Protein chains: 2
Amino acid sequence: MRKTEQRACILEALREGPPHSAADEVHRRVRHKLPGISLATVYRNLDLLSRQGLIRRLGGHGGRRRYDAVREAHGHFWCLACGEVEDIPFTFPQPEIDMTHPWMKGRVVYVASTDLQGLCPSCAEKAAAEQKD
Amino acid sequence: MRKTEQRACILEALREGPPHSAADEVHRRVRHKLPGISLATVYRNLDLLSRQGLIRRLGGHGGRRRYDAVREAHGHFWCLACGEVEDIPFTFPQPEIDMTHPWMKGRVVYVASTDLQGLCPSCAEKAAAEQKD
DNA sequence: GTATCTGCAAAAGTTTTGCAATCCA
DNA sequence: TGGATTGCAAAACTTTTGCAGATAC
């Protein structure tokens, strides 16, 4: 993997910007430094970096794929209604998965996370209000 | 939520078909029973069912959103190269998250999962081969 | 009876790709 | 120099939405 200014700036933008950014958000931020950078380059690099395990790729429950520069295992809360992702802000014991299990043979594991999915407070409130109607 | 034949068949297809199906796959399978069902209906129902917590919505690392009829907490392995998702086939202690923590107040949690991401054996092999070239 | 649900078709949104030019090693 | 990388534009793919008619309760 070569060193290019675009790639460096993308990584920097992901690290310094808000967590769980989508490609278009990263693109918008990188443009401040590199006005000419194309969205395709951002996509290509986010994909490349995540395949190398340098960043974390999040699902995209909201339709858009999101990326996370934090590689340490941590928890996420996905809201199914608004699509937002939040880090779970308190610590809890991470599950211990037996990496020596035969099924793991040949696999490369970059990151682990514990994900909860449900409704965030404001969406839960809206949902409850609709029930009443 | 009303009871419709379409909805019932979609749920059935998700339960009986291969796990982690995407909307178009569910649609293809449901068509066997309900040839006239539209893809839009499948999308609408998968979304609705997941918001009610009846099924689980997976991220869509491969671009497509996937759904899972298994609601019990379990682990997934996502391959970043080919986009496939597999259930981790052995059990391990699930993390204990303090649901009484103040941050959890107001949230509705439907399901929890532990996700690993990396490369599956065949993609890991390919990646290693490319390194050598 | 009425709000929900469906099918259709169009629109919207997101990601990938072909290609020629450019850049890094 | 040679292969990796980029920008641009088009294409591909996935998901959502408006609407009129059908359906469940």
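That block above? That's the structure.
Report follows, based on the coordinates. Counting starts from 1 at the beginning of each chain's written sequence and moves along it residue by residue. Numbering of ligands from 1 and lettering of chains from A proceed in the order in which they are written. Where totals are concerned, whole chains, interfaces and linings use all residues; where local detail is concerned, this predicted model gives features only for residues with pLDDT of at least 70, and gives and counts side-chain atom pairs only at 80 or more. By convention in this description, side-chain values take in all heavy atoms of the structure and omit both hydrogens and water.

Salt bridges are counted wherever a side-chain nitrogen of Lys or Arg sits within 4 Å of a carboxyl oxygen of Asp or Glu. Applying the stated rule across the entire model yields twelve salt bridges over all chains. In this structure, the salt-bridge partner of Glu86(B) is Arg107(A), at a minimum N-O distance of 3.0 Å. Remark: Arg107(A) occurs in the loop between β5 (85–87) and β6 (108–119) and Glu86(B) occurs in strand β5 (residues 85–87); the pair is interchain, linking two chains. The class for Glu86(B) is partly exposed, based on a relative accessible area of 29%. Here Arg66(B) ties to Glu84(B) by a salt bridge, and the two come within 3.9 Å at their closest N and O atoms. With a gap of 18 residues between them, Arg66(B) in strand β3 (residues 66–68) and Glu84(B) in the loop between β4 (74–79) and β5 connect regions that are remote in the sequence. Exposed residues in this analysis have more than 50% of their type's maximum accessible area, buried residues have under 20%, and partly exposed residues fall in between, with area computed by a 1.4 Å probe over protein chains only. Under the relative-accessibility criterion, Glu84(B) is labelled partly exposed at 41%. Only DSSP runs of H or I covering at least 4 residues are called helices, and only runs of E covering at least 2 are called strands; the numbering of each starts at the N terminus.

Turning to the interface of chain A and chain B, a few remarks are in order. Here, two residues are considered to be in contact whenever any of their heavy atoms come within 4.5 Å of each other. The interface is formed by 47 residues belonging to chain A together with 47 residues belonging to chain B. Take the accessible area each of two parts loses on contact, using a 1.4 Å probe, and add the two losses: that sum is the buried area. Interface area for chain A against chain B, summed over the two sides, is near 4100 Å², with a carbon-plus-sulfur share of 61%. The tally of links between chain A and chain B comes to two salt bridges. Two N or O atoms form a polar contact when they lie within 3.5 Å of each other; inside protein one atom must be a possible hydrogen donor and the other a possible acceptor, and for residues adjacent in sequence the pair counts only when both atoms belong to side chains. At the boundary of chain A with chain B, the tally comes to twelve residue pairs in polar contact (both at pLDDT 80 or more). Those elements that place two or more of their residues in the side of chain A that touches chain B are α3 (39–51), β2 (56–58), β5, β6 and α4 (121–132) of chain A. A per-class count over the side of chain A that touches chain B returns 24 nonpolar, twelve polar and eleven charged. Charged means Asp, Glu, Lys or Arg here, nonpolar means Ala, Val, Leu, Ile, Met, Phe, Trp, Tyr, Cys or Pro, and polar covers whatever is left, Gly included.

What follows covers the sheet that holds β6(A). Strand pairing requires that DSSP identify at least two bridges connecting the strands. One open sheet accounts for six strands, arranged β5(A)-β4(A)-β6(A)-β6(B)-β4(B)-β5(B); its pairing is mixed. Only two strands of the sheet have a single neighbouring strand rather than two, namely β5 of chain A together with β5 of chain B. The sheet shows a mean angle of 30° between the axes of neighbouring strands, direction not considered. As paired strands, β4(B) and β5(B) are joined by three bridges and run antiparallel to one another. Following the sheet pairing, His76(B) is matched in β5(B) by Asp87(B). Inter-axis angles, ranging from 0 to 180 degrees, are taken between N-to-C directions of lines fitted to C-alpha atoms, where helices are fitted over the stretch in contact.

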